[in-house]
2 protein chains.
Amino acid sequence: MEKQSPIRPTDEEARKLARRLIDKARFGALAVIDPDTGAPMVSRVAAVTDFAGTPLTLVSDLSHHTKALRADPRCSLLVGEPGSKGDPLTHPRLTIQARASFVEREGKDYADLRERYLELVPKAGLYIDFLDFSLVHLLPTGAYLNGGFGKAFVLTPDDLAPAQDAGA
Amino acid sequence: MEKQSPIRPTDEEARKLARRLIDKARFGALAVIDPDTGAPMVSRVAAVTDFAGTPLTLVSDLSHHTKALRADPRCSLLVGEPGSKGDPLTHPRLTIQARASFVEREGKDYADLRERYLELVPKAGLYIDFLDFSLVHLLPTGAYLNGGFGKAFVLTPDDLAPAQDAGA
């Protein structure tokens, strides 16, 4: 069953593709552990980036994934949506392994992050200030890049870091 | 933090919407438990239905999710892709909680399931017969339907069953 590994050595092209998939995302599929059962659970969440390129989402305490992340911050985010055209199974996508870190509303970065989020998801202005909503960083601990059939890469957090000229 | 529940009583409209999301899907996001770390992991998989309407996927032993499903069959499948138009966060989607059941290649149903799969995903003819590929049923144990902002439903496996006239 352990045949040849489909994993290729990480190169600059793979890093750039991963970064592009993160930067272009406006939503993704978030996997968490259901605290009631210990089983995995996946749902759609908003997914953008902060000024430093770190994945950032906005979640409600009324949702299952938020309760799950408060109980166990380990999660995984899939970005790279195929849209309506082409073969969804050869469309590049990135599985990010991450830890959720809730942004304190009273913290010094909150106002900047709120502004950044609203710049990318203007409609969230309708609910971002509701007290059950939280901005949450998804801090990558690793990633798998699937660049299409047979083109797979294992990436580190450093591989996912934005290029220096992208600003912080 | 436990405010009013956003969950509505399940009605026929919710059941039909859930069924439509399952039937229309050709791919989805599959969450599994990473056997190396115990953390959740989400990746894109093909996702169709068998003749009875049960979710069915085709996976390779070379992929992480297959190794994970062999170690722990608990998984979750998100279907209901927003495509390129509209607001992805108000697009209806369904989180299915499921158990993976690998279809035996020597079993009596394999040929029919293989034919069904190829009918829905013709391109898979290029690789479905490779020995590292397996058809896998994702047997629902429950589901969450998010029909858009504030329209959430908790569904049972019975709620997900196709209407009688859909054939089996």
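Basis of the calculations
Residues numbered from 1 in each chain as written. Chains lettered and ligands numbered in written order. Predicted model: local features only at pLDDT ≥ 70, side-chain atom pairs only at ≥ 80, totals over all residues. Heavy atoms only, no water. Helix = DSSP H or I, 4+ residues; strand = E, 2+ residues; numbered from the N terminus. Rg over C-alpha atoms; globule rule 2.2 N^0.38 Å. Buried < 20%, exposed > 50% of the residue type's maximum accessible area, 1.4 Å probe, protein only. Contact = heavy atoms within 4.5 Å. Areas by Shrake-Rupley, 256 points an atom, 1.4 Å probe, with all protein chains shown as cover. Salt bridge = Lys/Arg side-chain N within 4 Å of Asp/Glu carboxyl O. pLDDT = per-residue confidence, 0-100. Lys, Arg positive; Asp, Glu negative; His and termini not counted. Polar contact = N/O pair within 3.5 Å; in protein donor to acceptor, adjacent residues only side chain to side chain. Buried area = accessible area lost by both parts, 1.4 Å probe. Least-squares fit on C-alpha atoms with pLDDT ≥ 70 in both. Phe/Tyr/Trp six-rings, centres within 6.5 Å; stacked < 30°, edge-to-face > 60°. Lys NZ or Arg CZ within 6 Å of the ring centre and 35° of its normal.

**Section: the overall build of chain A**
Helix and strand counts for chain A stand at four helices and eight strands. Reading the secondary structure of chain A in the N-to-C direction produces α-β-β-β-β-α-β-β-α-β-β-α. Against the compact-globule benchmark of 15 Å for 168 residues, chain A has a radius of gyration of 16 Å, which places it among compact chains. Taken along the three principal axes of its C-alpha coordinates, chain A extends 50 × 45 × 30 Å. Looking at chain A as a whole, 51% of its 168 residues qualify as buried. Across chain A, the fraction of contacts at a sequence separation of at least 24, relative to all contacts at a separation of at least 6, is 66%. When the accessible area of chain A is evaluated, it comes to approximately 8200 Å², of which 54% is carbon and sulfur surface.

**A word on the pattern of salt bridges**
With the rule as written, the count across this model stands at 18 salt bridges over all chains. With a shortest N-O distance of 3.3 Å, Lys108 of chain A and Asp109 of chain A are connected by a salt bridge. For Lys108 of chain A, a relative accessible area of 76% puts it in the exposed group. In this structure Asp109 of chain A comes out as partly exposed when scored by relative accessible area, which is 39%. The closest approach of N and O atoms between Arg15 of chain B and Asp159 of chain B, which form a salt bridge, is 2.8 Å. Linking Arg15 of chain B in helix 1 (residues 12-24) with Asp159 of chain B in helix 4 (residues 157-160), this pair joins segments that are 144 residues apart in sequence. On the accessibility criterion, Arg15 of chain B (26% relative accessible area) is partly exposed.

**A look at the confidence of the model for chain A**
Summary statistics for chain A give a mean pLDDT of 92 and a share of 94% for residues scoring 70 or more. For this predicted complex, the interface confidence reaches an ipTM of 0.93, while the overall pTM sits at 0.93.

**Some words on the side chain of Arg93 of chain B**
If you trace the backbone, Arg93 of chain B turns up in strand 6 (residues 93-102). Despite being buried, Arg93 of chain B has no salt bridge partner; Asp87 of chain B is the closest side chain of opposite charge, sitting 7.3 Å away. Here the side chain of Arg93 of chain B touches Leu89 of chain B through a polar contact of 2.9 Å, landing on its backbone oxygen. Discounting chain neighbours no more than four positions away, the residues touching Arg93 of chain B are Arg44 of chain A together with Leu21, Leu78, Val79, Gly80, Pro88, Tyr144, Leu145 and Asn146 of chain B.

**Digging into the interface of chain B and chain A**
Residue-level contacts link 50 residues of chain B with 50 residues of chain A. Roughly 4000 Å² of surface becomes buried between chain B and chain A when both sides are summed, with 64% attributable to carbon and sulfur atoms. Its largest share of buried area at the contact with chain A, chain B owes to Pro40, Val42 and Arg44 of chain B, together 19% of the area lost on that side. The interface formed by chain B and chain A contains four salt bridges. The residue Asp87 of chain A makes a salt bridge to Lys123 of chain B at a minimum N-O spacing of 3.6 Å. Our count for the chain B to chain A interface comes out at 10 residue pairs in polar contact (both at pLDDT 80 or more). Every element with two or more residues in the side of chain B that touches chain A is listed here: strand 1 (27-33), strand 2 (40-46), helix 2 (64-71), strand 5 (74-79), strand 6 and strand 7 (133-146) of chain B. Here the side of chain B that touches chain A takes seven residues from strand 2 of chain B, the largest share from any one element.

**Brief notes about the relation of the copies chain B and chain A**
Placing chain B over chain A gives an RMSD of 0.0 Å and needs a rotation angle of 180 degrees, together with 0.0 Å of translation along the axis. Such a turn and shift between the copies fits a two-fold axis. Closest approach to the rotation axis among the C-alpha atoms of chain B is made by Gly83 of chain B, whose C-alpha sits 2.2 Å away. Mapped onto chain A, 100% of the interface residues of chain B are again interface residues, and the two copies thus contact each other with one and the same surface.

**Here we look at the packing of aromatic side chains**
Two aromatic rings, taken as a pair, are described by how far apart their centres are and by the angle between their planes. All names here are of chain A. Throughout the structure, instances matching the rule amount to four aromatic pairs over all chains. Joined through ring pairs, the aromatic side chains of Tyr127, Phe130 and Phe133 make up one cluster. One cation-aromatic arrangement involves Arg116 over Phe51; the distance from NZ or CZ to the ring centre is 5.4 Å.

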